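Geometric and topological summary
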Amino acid sequence: KLDTALAAISKEVGYKLSLGSCRFGEVATFKLEAAPINGDGKVASQAEAAVTKTLDVREVVKDIAYLAQRRRNWLLFAAGVAHAESIVDELARHQIDVALITGETPSEQRRETINRFKRGDLRALVNVGVLTTGFDAPQTDCIISLRPTKSPVLWQQIMGRGMRLAPGKENC
């Protein structure tokens, strides 16, 4: 269900990414195709509206909990604050240690939340446009992007959060 819903969203705003197969330590090859979007410049609000309209957060989190059950550190990218808050609520309902960082999160709280994630005190860290660049948590072994983007650079940065090597990490 998640695949179909994300495919529908990517037709409105975003890019389609096809990853080639790769093993740990290898660089992934990928093909990126532009998807049509409404050209009025309201990509962020369109993205959150499309995601909220198309995806049932309960079903998405159920899929995430199943598919990522063997992963230790999940980094999630949400389409907007309301979307992120619903993801956090649902992950918590599944008894997953989770926190949220947005642009409005105070600096000290943000720092402490990130440190908790890096120490492994949090299994999941949901963010809205905050941890795409300049964030380094090499132990991250699961990237979950629940937001479309029309920027290939941003998409690479998001995926790159999980591509760092770390002791005991096999892949992401």
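Time to look at the overall build of the protein chain. Across its full length, the protein chain holds six helices and six strands. The secondary structure elements of the protein chain, listed N-terminal to C-terminal, are α-β-β-α-α-β-α-β-α-β-β-α. Classification of the 172 residues of the protein chain by burial places 41% in the buried group. With the model as given, the accessible surface of the protein chain reaches about 9,800 Å², and the carbon-plus-sulfur share is 50%.

Residue position: K169 is located in the segment after α6 (152-160). As a buried residue without a salt bridge, K169 has its nearest oppositely charged side chain in D141, at a separation of 7.1 Å. A distance of 2.9 Å separates a polar side-chain atom of K169 from the backbone oxygen of P138.

Further remarks concern the pairing of strand β6 (residues 142-145). Residues C142 and I144 line one face of β6 and the alternating positions I143 and S145 line the opposite face, and both faces are buried. The pairing of strand β3 (residues 74-77) with β6 spans four bridges and is classified as parallel. Bridge pairing in β6 links L75 to I143.

In this structure the tally under the stated criterion is one aromatic pair. Here the aromatic rings of F117 and F135 are separated by 6.4 Å at their centres, their planes lie at 35°, and the arrangement is tilted. Here F135 lies in the loop between β5 (124-127) and β6 and F117 lies in helix α5 (residues 107-119), a separation of 18 residues in the sequence. Each member of the pair, F117 together with F135, is buried.

A few words on the sheet that holds β3. If you walk across this open sheet you meet the four strands as β4-β5-β3-β6, and the pairing is parallel. Bordering the open sheet on either side are β4 (98-101) and β6, each of which pairs with just one other strand. Here the strands of the sheet are splayed against their neighbours by 20° on average, with no regard to which way each runs. In this fold helix α4 (residues 81-93) packs onto β3, β4 and β5, with an angle of close to 170° to the strand it touches most, β4. Running at roughly 140° to β4, α5 makes contact with β3, β4 and β5 of the sheet.

Moving on to the packing of helix α3 (residues 57-67) against α4. The N-to-C vectors of α3 and α4 enclose an angle of 55°; their axes lie 9 Å apart at closest approach. Considering the angle they form, α3 stands oblique to α4. As α3 packs across α4, the resulting crossing turns out to be right-handed. Counted together, V57, R58 and V61 of α3 and H83, S86, I87, E90 and L91 of α4 form the full contact between these two elements. Of the residues that constitute the contact of α3 with α4, the class distribution is four nonpolar, two polar and two charged.

What follows is about the nonpolar core. With 23 residues, the main nonpolar core has I64, W74, L76, I87, L91 and V126 as its most contacted residues. Put simply, the parts of the chain that give this core at least two residues each are α3, β3, α4, β5 and β6. Of all hydrophobic cores here, the second largest spans 17 residues; its members include L75, F117, I143 and L154.

Turn by turn, an α-helix covers 3.6 residues, leaving residues three or four places apart pointing in a common direction. Along α3, the positions that sit buried rather than exposed are V57, V60, V61 and I64. On an axial view of α3, the arc spanned by its buried residues comes to 95°, and they lie on one face. Facing away from the buried surface of α3 by more than 90 degrees, the exposed residues are R58 and Y66. The distance from a side-chain oxygen at the start of α3 to the backbone nitrogen of R58 is 3.0 Å, and the residue carrying that oxygen is D56.

What counts and how
For every chain, the first residue of its written sequence is number 1, and the numbers climb from 1 along that sequence. Totals for whole chains, interfaces and linings use every residue, but because this is a predicted model, local features are given only for residues with pLDDT of at least 70 and side-chain atom pairs only at 80 or more, for both listing and counting. As a rule here, side-chain values cover all heavy atoms of the structure and leave hydrogens and water aside. Numbering of helices and strands runs from the N terminus, with a helix taken as a DSSP run of H or I at least four residues long and a strand as a DSSP run of E at least two residues long. Exposure classes here rest on a 1.4 Å probe applied to the protein chains alone. A residue is buried below 20% of its type maximum, exposed above 50%, and partly exposed in between. Using a 1.4 Å probe, the Shrake-Rupley method yields the accessible areas, and only the shown protein chains count as cover for residues. Residues scored as positive are Lys and Arg, those scored as negative are Asp and Glu, and His as well as the terminal groups of each chain are ignored. Only one rule defines a salt bridge in this text: a Lys or Arg side-chain nitrogen within 4 Å of an Asp or Glu carboxyl oxygen. For the purposes of these results, a polar contact is taken to be a pair of N or O atoms within 3.5 Å, where, inside protein, one atom must be able to donate a hydrogen and its partner to accept one; residues adjacent in sequence count only when each atom of the pair is a side-chain atom. A pair of strands is treated as paired once DSSP finds two or more bridges between them. Only Phe, Tyr and Trp rings take part, Trp by its six-membered ring, and two of them pair if their centres are within 6.5 Å. Stacked means planes under 30 degrees apart, edge-to-face means over 60, and tilted covers everything else. Here an angle of 0 to 180 degrees is reported between the N-to-C directions of two axes, which are lines fitted to C-alpha atoms, with helices fitted over the stretch in contact. In this description, contact between two residues means that some pair of their heavy atoms is separated by no more than 4.5 Å. Any angle from 65 to 115 degrees is called roughly perpendicular, while one under 35 is roughly parallel, one over 145 is roughly antiparallel, and all others are oblique. Here a crossing is called left-handed whenever its near helix is offset anticlockwise from the far helix by less than a right angle, and right-handed whenever the offset is clockwise. As a working rule, the residues Ala, Val, Leu, Ile, Met, Phe, Trp, Tyr, Cys and Pro are called nonpolar, Asp, Glu, Lys and Arg charged, and the rest polar, with Gly in that last group. We define the nonpolar core as a collection of buried residues of types Ala, Val, Leu, Ile, Met, Phe, Trp, Tyr and Cys that are connected through side-chain atoms lying within 4.5 Å of one another. Think of the arc as the fan of directions from the helix axis to the C-beta atoms.

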